[in-house]
Amino acid sequence: MQLSTAKKTSLELFRLKKTLNTLATKEGRGTELVSVYVPPGKQISDVLNMLRDEYGTASNIKSTTTRKNVMDAIVKVQQRLKLFKEPPGNGLVIFCGAIPQNGPGSERIETYVIMPLEPIHIYLYRCDARFHTEYLQEMLREKETYGILLIDASQATLATLQGRRLEIVRELTSGVPGKTRAGGQSARRYERLRDMRLQEYFTRVGQHANETFLPIENLKGLILGGPGPTKYDFEKGDYLNYVLKDKIIDVIDTSYVEEQGVKEIVEKAPEIMRKIRYIEEKKLMQQFLYEIGHDTGLVTYGEEDVRRALETGAVKTLLLSDGLDAARVTLKCNACGYQEQQTLKSQMLPSLGQDLSGKPCPKCKAPALGVAETQDLIDNLAELAEYTNAEVEIISGETEEGQMLKNSFGGITAILRFKTQG
Ligand SMILES: [Zn+2]
C-alpha cells in the first residue's frame, strides 16, 4: 500500500529497513541470486534485452541446479518487469532467486520488487550467492540536506551536507584584528574598533549564510560549529534570517574552522541526525504523556483500545514502539470456515502449528484449526491507520520516553482527533 504523502515517514523507513535486513541475510546455495536495479528513465525494453543476454550466458553454467535456478530467476524478473511500461518515479529494484527454506533441496524461488524511497542512480545486474541490497541500504543512510556554518573571530566556512556529499560553499576571512592591540592605541578605542569590525564580519557571514542556505529546499537543519565562543555570539545576535535561526539543530565545538572543521562535523553527523530523530520522538511521546496527565481524553493505549479507536477513525497519530515483537495471526477452521484473529509474540509463531493441532474449533468443535495468515503487528496496525489517514510514528527505544512507551504502555498508543467516550 502506498502512503498518500510523498514524505518519507518513519513507517516507510521502518518497513524498508526491515525488508532489506531480511533480504540481506538470505543466501543461495550457489551463485544464483539475482539483483536488478533499474533507475528512473531507463527503457524497460533495454533491461529485458540485457536479461535475455544474461539468460544466454547462464545456459553455460556447469552445475545443473545452479543453472536451472539462475535461469528460473531471470525469467521471473522478466515477468515482473513486463508489468511496467516504464520504471516508477524512483526506479525499481528486483531481487529474485532460489532460497533454501529448510535445508538443501528445499529451495523455492522468492521474488521481491522494491520501490525505492528516493531515485536510484545505478543500473545494475548481479548474480551472486546473496542479494545486493547494499545500494538501497546506503540510500537509507542518505538524508536531507544540512547546512554547516563554522565560525571563529578570524574566519568562517559555509558548507552543505547532502547524504554523504559534502560541499564547501564559501570561505570568508574576518579582517578583525587580534585581541592584543598594537602599541600606541588606547585600549578602549581599540576594543570599540574591534567590536565594530566583528559586527561587520558577523553581518557579512549572516548575509552569505542566508544566500546560501535559505534557497535550499528541504533544508533539514543548520549546524553551527567552531573552536571558541564566537559561534555562540554569532548565534545570539540577529545575523541569521529567523527561518535559519529556527533550523539550528546543534552547536558543536570543533578544533578547526576550515575544511578540517567541516569534516569533524560530518564525522559527528550520524550522531547529530539520530539526535534530531530522538528529539522528534521525545516530543511525540511528551505530547502523549501531556494528554494523559491532563486527562483530556485525547489519548488511548493498549492494543485493544487503540485498535477500536483506529476502526472509528479517531486516531490522529499512532505511536508504535519499534520493539513490538508480535504478529497478528488469522486462524481458520478448515472444517467450517470459522475465523478469528489473535496477537501473538513472535517467538510463539514457530510452534503455532503444533500448538493448534488437536485443538477443537470454537464453533464446530472439529480439530481443524490452521493458520490462514500471519502479519507483523506493526504492519497490521499501520495498515488500519492508513485507511483513516492517521499518522504512524515508529518510536525507538533509545529515549527514556521510548522505553516508557514500550514498557508502560505495551508499545501501542495513540493521540486522538476527538474524544471517543465520556
Ligand atoms: Zn470449525
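Structure: see above.
Let me sum up the structure you'll find in this document. (Residues numbered from 1 in each chain as written. Predicted model: local features only at pLDDT ≥ 70, side-chain atom pairs only at ≥ 80, totals over all residues. Heavy atoms only, no water.)

Below, the discussion takes up helix α3 (residues 64-81). A rise of 1.5 Å per residue sets the reference length of α3, with its 18 residues, at 26 Å; its end C-alpha atoms lie 26 Å apart and thus fit the reference within 8%. Residues of α3 that are buried include every one of Thr 66, Asn 69, Val 70, Met 71, Ala 73, Ile 74, Val 77, Gln 78 and Leu 81, and no others. Taken together, the buried residues of α3 touch β1 (33-38), α2 (44-58), β2 (92-100), β3 (107-114) and β4 (124-128). (Helix = DSSP H or I, 4+ residues; strand = E, 2+ residues; numbered from the N terminus. Expected span 1.5 Å × (residues − 1). Buried < 20%, exposed > 50% of the residue type's maximum accessible area, 1.4 Å probe, protein only. Contact = heavy atoms within 4.5 Å.)

Another point: the sheet that holds strand β12 (residues 326-333). What the three strands build is an open sheet, ordered β13-β12-β14; its pairing is antiparallel. Both edges of this open sheet fall to β13 (339-345) and β14 (369-376), since each of them pairs with a single strand only. This sheet shows a mean twist of 30° between the axes of neighbouring strands, independent of strand direction. Here helix α11 (residues 377-387) sits on the sheet in contact with β12, β13 and β14, set at roughly 75° to β14. (Pairing = 2+ DSSP bridges. Axes fitted to C-alpha atoms, helices over the stretch in contact; angles between N-to-C directions.)

Another point: the pattern of salt bridges. Oppositely charged side chains are able to pair whenever their charged atoms sit close together. A full pass over the atoms with the stated rule returns 17 salt bridges. Residue Lys 220 pairs with Glu 280 through a salt bridge whose shortest N-O separation is 3.6 Å. A residue pair is termed long-range when its members are at least 10 positions apart, and Lys 220 in strand β8 (residues 219-226) and Glu 280 in helix α8 (residues 259-293) qualify at 60 residues. One salt bridge connects Lys 263 with Glu 259, and the closest N-O pair in it is separated by 3.3 Å. Here Glu 259 and Lys 263 lie together in helix α8, a separation of four residues that amounts to about one turn. The class for Lys 263 is partly exposed, based on a relative accessible area of 42%. Within this structure, Arg 15, Asp 379 and Glu 386 form a network of salt bridges that share partners. (Salt bridge = Lys/Arg side-chain N within 4 Å of Asp/Glu carboxyl O.)

Further remarks concern the sheet that holds β2. Across the sheet, which stays open at both edges, the four strands sit in the order β3-β2-β1-β4 with antiparallel pairing between neighbours. Taken across any chain shown, the strands that pair with only one partner, and hence form the sheet edges, are β3 and β4. Looking at each pair of strands side by side, their axes are set apart by 10° on average, direction ignored. As defined by bridge partners, β1 adjoins β2 across six bridges and the pair is classed as antiparallel. Its bridge partner lying in β2, Ser 35 is registered against Phe 95. Each of β2 and β3 is contacted by helix α1 (residues 10-25), which is oriented at about 150° to β3, the strand it contacts most. Each of β1, β2, β3 and β4 touches α3; the most contacted strand, β2, lies at about 145° to it.

What follows concerns the packing of helix α9 (residues 303-311) against α11. In contact at an axis separation of 9 Å, α9 and α11 are set at 30° when each is read in the N-to-C sense. Looking at the two axes, α9 sits roughly parallel to α11. Contacts between α9 and α11 involve Glu 303, Arg 307, Leu 310 and Glu 311 on the former and, on the latter, Leu 377, Asn 380, Leu 381, Leu 384 and Ala 385. Taken together, the residues that form the contact of α9 with α11 break down as five nonpolar, one polar and three charged. (Parallel < 35°, antiparallel > 145°, perpendicular 65-115°, else oblique. Nonpolar A, V, L, I, M, F, W, Y, C, P; charged D, E, K, R; others polar.)

As far as function goes, none of this settles anything; it's purely spatial.
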